[in-house]
Every structure is written in structure tokens, then in C-alpha cells.
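These are the residues of each chain, in order.
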Amino acid sequence: MEKFALLHTTCVPLPVEDIDTDQIIPARFLKATTREGFGDNLFRDWRYYPDNTPKPDFVLNNKTFSGRVLVAGRNFGCGSSREHAAWALYDYGFRVVISSFFADIFRGNALNNGLLPLIVSDEILSRILEGVQADPETEIIVDLENQEFSLPALGIKETFEINAYKKTCLLNGFDDIDYLLSRRDKIAAFEEKRATI
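Residues numbered from 1 in each chain as written. Predicted model: local features only at pLDDT ≥ 70, side-chain atom pairs only at ≥ 80, totals over all residues. Heavy atoms only, no water.

Turning our eyes to something else, we now look at the environment of Ile156. Among the secondary structure elements, Ile156 is positioned in strand S7 (residues 156–159). Among residues more than four places away in sequence, those in contact with Ile156 are Ile124, Arg127, Ile128, Phe149, Ser150 and Leu151. (Helix = DSSP H or I, 4+ residues; strand = E, 2+ residues; numbered from the N terminus. Contact = heavy atoms within 4.5 Å.)

Listed below in C-alpha cells is the structure:
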């Protein structure tokens, strides 16, 4: 996974509530066994007509908006527990999703796959969505090390919470196995010490 420390980017607004994992990545695309390529089918049924032509009114098909942060409505990632939803968002290029509420399983899957689910208040979410829709050049700075984000043009600067272990993993680009491998010397020393007791 890509290391995450400081992100300075524009945002993609998707002001829809209750976006479930089947909308994020439809079930018919879950046959692959690797994480690559899911971004092509992110929000597939919202992005494309049945004949595979892009729907011009969907935000990902609108060149006015771009960036590595998706700003979505409340209750993002509800529905089934498919990890593929996080894979699709990450593979498309998003590194942060902002919402005022995330489904627990989605939040865990996102953090396990290099994607930061950033929880904000309903009021801050509304301000961000309105600001980004009014000015697509609005920039956000997400500072994971200091656990804060800001949108200077909107006068927003806030802190956020994140599990310390998941923060370490994101900062280093680790999944759970990478983290264990990074600690193998300490694990070996502990096991060696334990064997002599």
C-alpha cells in the first residue's frame, strides 16, 4: 500500500446518503481475486449506461471535479461487508472518504486497505459539500501525523480520531502482515527470551 502522511488535493463531492457497498462496487464484479482493476467499476451502475457509455451527469464523469478525496453523504459504506468496496475506491485513486457516519465494517475494511475514512460532524460535512460544489478548486489538506484536516478557503480546520495501530499502518503503508513483518526482530527476541524461561 501507498504510505499516507500528508495529502493536499481537491475533492470529489457525492452528496448522497446511505451509499451501500453494492452501489460502490456491484456484486457482479466480485469475481476477481486480486485488488487491482476494481476502480474501473467503482459506482459502475451510477457511472455507466447498460451499453457502457458514461452517464454525463455523474460526478466521476464530470471533469470539473477531481482529487483524491471523496466527500459523501451520511452513512457511507452500509450494506454488505464486502472488502471490494474499499479496494474499488483505493484502486480508483481515492485515499480519503469524508462522511459524517460510516458503517463499522466498511470503516475497518477501508483502514485495512490504505483508505482513510474521515468522520466529521453533519455541519462540517454540509459546509465541505457546499464549498466544493461551489468551487471545484477548493483544496483540502489532510495531515495524518497530526490528525487534522483543513480547507483554508472555507475557514475549516478540524482534528480527527483514528486508532493508533491503524494510523501506524497508514503512515508506513503497512497491511496487518507487513506490520508483523516489520516487528519480526522484536517477535524473535521475545520468543527467544520466552524459550529460556
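For helix H4 (residues 104–112), the full list of buried residues reads Phe106, Asn109, Ala110 and Leu111. Just past H4, the residue Gly114 takes up positive phi, approximately 80 degrees. (Buried < 20%, exposed > 50% of the residue type's maximum accessible area, 1.4 Å probe, protein only.)

Our focus in this paragraph is the pairing of strand S4 (residues 116–119). Two strands pair when backbone bridges link them, and strand S3 (residues 96–99) and S4 are joined in this way by 4 bridges, in the parallel orientation. Bridge assignment links Ser99 to a residue of S4, and that residue is Ile119. Tracing the backbone out of S3, into H4 and back to the parallel element S4 gives a crossover that is right-handed. (Pairing = 2+ DSSP bridges. Right-handed = clockwise from strand over helix to strand, strands pointing away.)

With that settled, consider the pattern of salt bridges. Applying the stated criterion across every chain, the model contains 7 salt bridges. Between Arg28 and Asp45 there is a salt bridge, with its nearest N and O atoms 2.5 Å apart. Note that Arg28 is positioned in the loop between helix H1 (21–24) and helix H2 (44–47) and Asp45 in helix H2, a separation of 17 residues in sequence. Judged by its relative accessible area of 37%, Asp45 is partly exposed. Its salt-bridge partner being Lys157, residue Glu148 comes within 3.9 Å of it at the nearest N-O pair. With a relative accessible area of 57%, Lys157 lands in the exposed category. Linked through salt bridges whose partners overlap, the residues forming this network are Glu2, Arg68 and Arg95. (Salt bridge = Lys/Arg side-chain N within 4 Å of Asp/Glu carboxyl O.)

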